[in-house]
Amino acid sequence: MKLATWNINSLSVRLPQVLDWLAKQAQTAPVDVLALQEIKLSDDKFPAQAFEEAGYHAAWFGQKTYNGVALVSRTPPFDVVRNIPGFPDEQARVIAATYGAGDDAVRVIGAYFPNGQAPGSDKFAYKMRWLQALREWLASELGQHPRLALMGDFNITFDDADVWDPEGLRETIHCTNEERAHLQALIALGLHDAHRLFPHPPKTFSWWDYRMLGFQKNRGMRIDHILVTDALKARATGCEVDRAPRKNPQPSDHAPVVLTLA
DNA sequence: ATGGCCATCGCGGATGGA
């Protein structure tokens, strides 16, 4: 089984890249659930038919111009939840669904965490409120779903190993202790960073700034994560960032992350 | 040293991203 997450920074621009990537993945093993972020589409513009023709189901939660998330899957989604229950939000950032049934059921939460702009800003305060609400809801989801994966663009680094210039970016957005404490609080609910279950070269990142030849110089951060429960950790066989799509013409600034499970 | 890109809306240039 394969789970993947990719911030594609506009699905209208990069739908062909997503379909190509899914087809390429399928040459080894097909992706079972792909979480997309920043689709930047209203619900009526979602290309459901294109995914259907490629053999995938989809559940989506769109928004015009900004944000927007989707789950693309080989089997149909059940019990779909949009955004965080009990946390009214104008911004479309979360979609959850269950795949399979009974002892095989896997709960997937796809999320586009707020950017936060800068510590001290209104957007940072919103990010903190959002993280608190996510944690409270996640606790109840974990009570119901032993096999659960939370994946998406977290807009938070775990620690300095996830940052190309940890000293220069100390306490800047994505790298503050306050954000990292929230991320650890999610982990403390009983989740594991799938990436860190396996060895990786130093400076393995998932996002690179479009400017300053960021990708070519590997000036990036690891802010796209897949978090799994004990039951899924036990089945995990690999977790990789696929840098290939970042080399496409007109790439997203993020690369997909893929978790493979037995 | 600074900011250097990209998408959106909409048709210039502001806003947001990270």
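A brief structural summary. (Residues numbered from 1 in each chain as written. Chains lettered and ligands numbered in written order. Predicted model: local features only at pLDDT ≥ 70, side-chain atom pairs only at ≥ 80, totals over all residues. Heavy atoms only, no water.)

### A word on the sheet that holds strand β2 (residues 33-37)
Spatial ordering of the open sheet is given by β3-β4-β2-β1-β14-β13, a layout of six strands whose pairing is mixed. Edge positions in the open sheet fall to β3 (57-61) and β13 (236-241), since each of these has one partner strand only. Between one strand axis and the next, the sheet turns through 10 degrees on average, direction left out of account. (Pairing = 2+ DSSP bridges. Helix = DSSP H or I, 4+ residues; strand = E, 2+ residues; numbered from the N terminus. Axes fitted to C-alpha atoms, helices over the stretch in contact; angles between N-to-C directions.)

### Re the protein's contact with DNA strand B
Contacts to DNA strand B come from 24 residues, most closely from Ser10, Tyr112, Asn115, His174 and Met212. The separation between a phosphate oxygen of DNA strand B and a polar side-chain atom of Thr65 is 3.0 Å. Between DNA strand B and Asp153 there is a distance of 3.3 Å, counted from a phosphate oxygen to a side-chain nitrogen or oxygen. Broken down by element, the surface near DNA strand B gets its largest block of residues, three residues, from helix α1 (residues 11-26). Split by residue class, the surface near DNA strand B holds seven nonpolar, ten polar and seven charged. (Near = heavy atom within 4 Å. Polar contact = N/O pair within 3.5 Å; in protein donor to acceptor, adjacent residues only side chain to side chain. Nonpolar A, V, L, I, M, F, W, Y, C, P; charged D, E, K, R; others polar.)

### Section: the packing of aromatic side chains
If you walk through the whole model with that rule in mind, you get six aromatic pairs. Where Trp208 meets Phe215, the ring centres are 4.9 Å apart and the plane angle is 85 degrees; that geometry is what we call edge-to-face. The exposure classification of Trp208 matches that of Phe215, with both residues buried. The structure contains a cluster of three or more aromatic residues connected by ring pairs, namely Phe46, Phe51 and Trp60. (Phe/Tyr/Trp six-rings, centres within 6.5 Å; stacked < 30°, edge-to-face > 60°. Buried < 20%, exposed > 50% of the residue type's maximum accessible area, 1.4 Å probe, protein only.)

### Some details on the pairing of strand β1 (residues 2-7)
Buried residues dominate β1, accounting for six of its six residues. Burial along β1 is two-sided: the face carrying Lys2, Ala4 and Trp6 and the face carrying Leu3, Thr5 and Asn7 are both buried. Two strands pair when backbone bridges link them, and β1 and strand β14 (residues 257-261) are joined in this way by four bridges, in the antiparallel orientation. Bridge assignment links Lys2 to a residue of β14, and that residue is Thr260. Pairing between β1 and β2: five bridges, direction parallel. The residue bridging Leu3 from the neighbouring strand is Val33, located in β2. After leaving β1, the chain enters α1 and then returns to the sheet as β2, a path that is right-handed. (Right-handed = clockwise from strand over helix to strand, strands pointing away.)

### A look at the side chain of Gln25
Structurally, the position occupied by Gln25 is in helix α1. Engagement of the side chain of Gln25 in a polar contact is seen with the side chain of Lys2, the distance being 2.8 Å. Residue contacts for Gln25: discarding those within four places in its chain leaves Lys2, Pro30, Val31, Asp242 and Val258. (Contact = heavy atoms within 4.5 Å.)

### Side note on the sheet that holds strand β5 (residues 78-82)
The strand order across the open sheet built from six strands is β5-β6-β7-β8-β12-β9, with neighbouring strands paired in mixed fashion. Single-partner strands in this sheet number two, and they are β5 and β9 (192-193). Bridge analysis of strand β7 (residues 106-112) against strand β8 (residues 148-153) gives six bridges, and the strand direction is parallel. By the bridge assignment, Gly110 is partnered in β8 with Met151. Where helix α3 (residues 122-144) meets the sheet, it contacts β5, β6 (94-99), β7 and β8, and its direction lies at approximately 175 degrees from that of β7. Lying over the sheet, helix α4 (residues 177-188) contacts β8, β9 and β12 (224-228), oriented at roughly 25 degrees with respect to β12.

### Structural notes on the layout of surface pockets
Approximately 660 Å³ is the volume attributed to the largest pocket. The wall of the largest pocket is formed by 30 residues, among which Tyr112, Asn115, Gln117, Asn155 and His174 lie closest to the centre. Looking at side-chain class alone, the lining of the largest pocket contains eleven nonpolar, ten polar and nine charged residues. If you trace the second largest pocket, you find it lined by Trp6, Pro16, Gln17, Asp20, Trp21, Lys24, Gln25, Asp242, Ala244, Pro245 and Asn248. By residue number, the principal contributor to the lining of the second largest pocket is α1, which donates six residues. Classifying every residue of the lining of the second largest pocket by side-chain character gives five nonpolar, three polar and three charged. (1 Å grid on protein atoms, 1.4 Å probe; cavity = no way out; pocket = protein on both sides within 12 Å on 5 of 7 lines; lining within 4 Å. Points joined across faces, edges and corners; volume = space filled by probe spheres on them.)

Function-wise, these values are silent; they only describe arrangement.
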